[in-house]
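# Chains, contacts and geometry: an overview
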Amino acid sequence: MENIFDTLTPSGHTAPISEGELSDEQVLEELFSIKKRLGNRVTVLGHHYQQDDVISFADITGDSLELARHAAKLSEETEFVIFCGVHFMAETADMLTLGTKKVILPDLRAGCSMADMANRIDIDRAWNFLTAHSQGKITPITYINCAASLKSFVGENGGAICTSSNAEKVITWGLNQGEKLLFFPDQHLGRNTCFKLGIPLSEMVVYDPRKQNGGLTPEQVKSAKVILWYGYCSVHQGFNVDQIKALRKKEADRTIIVHPECSFEVVQNSDLAGSTSFIINHIQQAPAGSKFAVGTEINLVNRLAQKFKDKDIQSLSPYQCLCTTMYRIRPRWMLESFRAIENNQAINIIRVDAETRKWSLKALERMLEIV
Ligand code: SF4
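Residues numbered from 1 in each chain as written. Predicted model: local features only at pLDDT ≥ 70, side-chain atom pairs only at ≥ 80, totals over all residues.

## Section: the sheet that holds strand β5 (residues 138-143)
In a beta sheet, neighbouring strands pair by backbone hydrogen bonds and run either parallel or antiparallel. The criterion, for reference: Two strands form a pair only when DSSP identifies at least two bridges running between them. Strands are runs of DSSP state E lasting at least 2 residues, helices are runs of H or I lasting at least 4, and numbering of each runs from the N terminus. Here the axes come from fitting lines to C-alpha atoms, over the contacting stretch only for helices, and the angles between their N-to-C directions go from 0 to 180 degrees. Contact between residues is assigned whenever the C-beta positions, reconstructed from backbone atoms, fall within 7 Å.
Spatial ordering of the open sheet is given by β6-β5-β7-β9-β8, a layout of 5 strands whose pairing is parallel. Whereas interior strands pair on both sides, the edge strands pair on one side only; in this sheet they are β6 (160-162) and β8 (204-207). With direction set aside, neighbouring strand axes in the sheet form an average angle of 25°. Bridge count between β5 and β6: 3 bridges; the pairing is parallel. For Thr142, the partnering residue across the bridge sits in β6 and is Ile161. Its contacts with the sheet place helix α8 (residues 187-196) against β5, β7 (180-184), β8 and β9 (226-229), and it is angled at close to 150° to β9.

Dropping the structure here:
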């Protein structure tokens, strides 16, 4: 009888193609040949946070929006997009390809813990409470890291989507639309950006859907300028001020650069904060010999260290801040997806329904008009 542990991947899930069937090397070899055979029919998109063996098969790498935009521009020859990222990213790619490609997520369990902290039922409930206690208009802004149903909510209610690269512009636009802003699902990106735009912390409140009325009184809602959803990225919460203090004591000349999904205290105590693209560009342009401690996902930090060997790059955290949901995309799952395409029985296709797509695209269009 086959031992179940023979089929477990490092992430602890049963692999579709067991190690008894194919070794890791054989998986990579078959992936290489099958990808070559399928040629332009398949394009592999790889998020920056994926591991190197997955990235080695990517035709295009980028952050979530860059990948979705590339998907929208793919040639007619491409029938399938293998999206090596997480669920909400594959949904965005499907929306932007307007149903002309089949977007495949190799492992359907590759979700995002932050995106999962906001769902449509909770957002509708919060909206009813907040609008009932606000005299002026509330503009909803969502970080792109959320389910399509929430992007659709924002489109229907006059709001826009933002990314970590353009959050400042989109939030500025949102603040000019009405009295208040509802920002979800990431409280940290919302708080860090609003503070940078001059809004004091005293004018921001956190809505926690696990509490009655989000834990807010009608008076708190009335006096707030910004209502932040309680969500957060568990990976970026792995960075803290103690790490910064310890590093500063040891190496005062190392630049600390972090992602704005980190907490307010971490961002305030760092030298620089910005999106994934900002971090990559800044490090790329820094002179040889520069030293960085980076507060973002470990696969990206390790790849930057490999790529820019003339610089000294390390993680801000001594622990591995790994996105375990991204980690679910492994070559074995990719091979299963490729085999299914070759057998004309594609699996794990991500499809967004027409109504959700319509309103989500409206929210995306608004973002593109703003930035
Ligand atoms: S790094 Fe954080 S926000 Fe990004 S996919 Fe992973 S859990 Fe979600």
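There is more to say after this.
## Side note on the domain arrangement of the chain
Defined as follows: A domain assignment, automatic or from a database, supplies the domain bounds used here. For this classification, Asp, Glu, Lys and Arg are treated as charged, while Ala, Val, Leu, Ile, Met, Phe, Trp, Tyr, Cys and Pro are nonpolar and the rest, including Gly, are polar.
Assigned domains within the chain: domain 1 (4-110 + 325-352), domain 2 (115-233) and domain 3 (236-315). On a C-alpha basis, the centroid separation for the pair domain 1 and domain 3 is 29 Å. Opposite the 6 residues of domain 1 that make contact, domain 3 presents 6 residues. Its residues assigned to classes, the side of domain 1 that touches domain 3 comprises 1 nonpolar, 3 polar and 2 charged.

## A short note on the site of the ligand
To keep it simple, the criterion reads: By convention here, the C-beta atom is placed from the backbone, and a residue is near a molecule or strand when that atom is within 6 Å of it.
Taken together, 13 residues are adjacent to the ligand, and Cys112, Met114, Cys233, Val235 and Cys323 come closest. Taken together, the residues of the shell around the ligand break down into 8 nonpolar, 4 polar and 1 charged.

## Observations regarding helix α7 (residues 167-177)
Note the cut-off: Buried residues are those with 20 or more other C-beta atoms within 10 Å of their own C-beta, exposed residues have 12 or fewer, and partly exposed residues lie in between; C-beta atoms are placed from the backbone. What the arc describes is the spread of directions from the helix axis to the C-beta atoms.
Those residues of α7 not exposed but buried are Ala167, Val170, Ile171, Trp173 and Gly174. For α7, the arc enclosing every buried residue in end-on projection is 155°, short of the 170-degree limit, so these residues lie on one face. Residues of α7 that are buried make contact with β5, β6, β7, α8 and α15 (354-370).

## With respect to the pairing of strand β1 (residues 42-47)
Most of β1 sits inside the fold, with 6 of its 6 residues counted as buried. What you see with β1 is no split at all: Val42, Val44 and Gly46 on one side and Thr43, Leu45 and His47 on the other are buried throughout. Summarising the sheet, β1 and strand β3 (residues 80-84) pair through 5 bridges and their orientation is parallel. The partner of Thr43 across the bridge, within β3, is Val81.

## A word on the sheet that holds β3
Strands sit in the order β2-β1-β3-β4 across an open sheet of 4 strands; the sheet is parallel. A strand with exactly one partner marks an edge of an open sheet, and here the two such strands are β2 (60-62) and β4 (102-104). Sheet twist, expressed as the average angle between the axes of neighbouring strands with direction ignored, equals 25°.

## Topic: the packing of α7 against α8
Put simply, the rule is: Any angle that is under 35 degrees is reported as roughly parallel, and any over 145 degrees as roughly antiparallel; angles of 65 to 115 degrees are reported as roughly perpendicular and all others as oblique.
Following both chains from N to C, one finds α7 and α8 inclined at 75°, their axes separated by 10 Å at the closest point. Classified by the angle between their axes, α7 and α8 sit roughly perpendicular to one another. In this structure, α7 uses Ala167, Glu168 and Ile171 to contact α8, whose residues at the interface are Leu189, Thr193, Cys194 and Lys196.

## Re unusual backbone geometry
Put simply, Phe184 and Pro185 share a cis peptide bond, and its omega is -5°. Assignment of secondary structure puts Pro185 in the loop between β7 and α8. One non-glycine residue, Asn213, adopts positive backbone phi at about 50°. As for its placement among the helices and strands, Asn213 is situated in the loop between β8 and α9 (218-223). Assessed through the 18 C-beta atoms surrounding it within 10 Å, Asn213 is described here as partly exposed.

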